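Observations on the three-dimensional arrangement
Each chain, letter by letter, is given below.
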Amino acid sequence: MKGILLAGGSGTRLQPLTLAMSKQLLPVYDKPMIYYPLATLMLAGVHDILIISTPESLPDIQRLFGDGSHLGLSIGYRAQPEPRGIAEAYLLGAAHVAGQPSALILGDNFFHGSGFRKLLLRGWESLDGCTLFSYPVTDPERYAVGELDAHGNLVSIEEKPVRPLSSNAITGLYFYGSDVVDIARELHPSARGELEITDINRIYLKDGRAKVMELGRGFTWIDAGTQLSLLEASEYVRIMESRQGVRVACIEEIALRMGLIDADSCYRLGAEMPNSEYGRYVMSIAGSIA
């Protein structure tokens, strides 16, 4: 399984915060925003990941993760000079995907919830073309919206509808079969000049190969692309970590618990940040498992 983390765009909704820094490098409480989608891919069992971002932001992201080997991952990088739509990720990442099933996640999407890993693995097991993840929202007109029938089957997908047929927002996490690159190559730009990921999803839906997994009670999804949602994500992480004593999206801990690295390697990663609470947490987790 291959993964693509799309961390592009200009972050205009967050300006002036993003005038000199990539949106995905902004802090969500105690770590950069991009840690959270990377953690989601790791929990989904994806270890071979391509990060796509702007030419200006890629060097900073590479300084964060390198080639990923310290986490037991393989991480590559590709520049997206201009934001031409989410679906362009599969044109830029065609060689990386190489005809294999893949996961695409947006760099500003935050997921958390009990049993999330099990849900992600079920998403792979049921994959027959396209698996989407929906979340109920109070403002569905801001998102792509999935209409479900009484049996939970996907009936239609609308992009930012004026009169939404449901409150089920399609999140920025997508699982696709081996033919997604071929489908992306056949797309035409929309009225706003972009290659729309919703058009890919509609093609799978028309072929009867699109499914939705609902993130209901017990799950949190935040599109952290506005000042308010960025603050909400930070506050959520702060509350969870302070009350439960665990770190949300601690990629070193995930790598350790998934067997990608050993306890000694995990401890050394924490020791590189000895003056931060995050680094001390990583060392304590490594010590407890060693």
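Preceding this section is the structure that the text describes.
A short note on the side chain of Ser229
Structurally, Ser229 is set in helix H8 (residues 227–244). Given the relative accessible area of 9%, Ser229 is considered buried. A polar atom in the side chain of Ser229 sits 2.9 Å from the backbone oxygen of Asp223. Only 2.9 Å separates the side chain of Ser229 from the side chain of Thr226, close enough to count as a polar contact. Leaving out residues up to four positions away in the same chain, Ser229 has contacts with Ile222, Asp223 and Ala224.

Some thoughts on helix H10 (residues 263–271)
Regarding H10, the residues found buried are Ala263, Cys266, Leu269 and Gly270. Along the axis of H10, the buried positions cluster into a sector of 120°, meaning they face one direction only. In this structure, the buried residues of H10 make contact with helix H9 (251–257) and helix H11 (277–289). The opening residue of H10, the one whose side-chain oxygen lies 3.3 Å from the backbone nitrogen of Asp264, is Asp262.

Looking at unusual backbone geometry
Omega for the bond connecting Gln15 with Pro16 falls within 30 degrees of zero, at 10°, which places this linkage in the cis form. Position of Pro16 relative to the elements: it lies in the loop between strand E1 (2–7) and strand E2 (27–28). One non-glycine residue, Tyr29, lies in positive phi territory at about 60°. Counting through the fold element by element, Tyr29 comes out in the loop between E2 and strand E3 (31–32). The partly exposed category is assigned to Tyr29, whose relative accessible area is 41%.

Thresholds, definitions, all that
- Residues numbered from 1 in each chain as written.
- Predicted model: local features only at pLDDT ≥ 70, side-chain atom pairs only at ≥ 80, totals over all residues.
- Heavy atoms only, no water.
- Helix = DSSP H or I, 4+ residues; strand = E, 2+ residues; numbered from the N terminus.
- Buried < 20%, exposed > 50% of the residue type's maximum accessible area, 1.4 Å probe, protein only.
- Polar contact = N/O pair within 3.5 Å; in protein donor to acceptor, adjacent residues only side chain to side chain.
- Contact = heavy atoms within 4.5 Å.
- Arc of directions from axis to C-beta.

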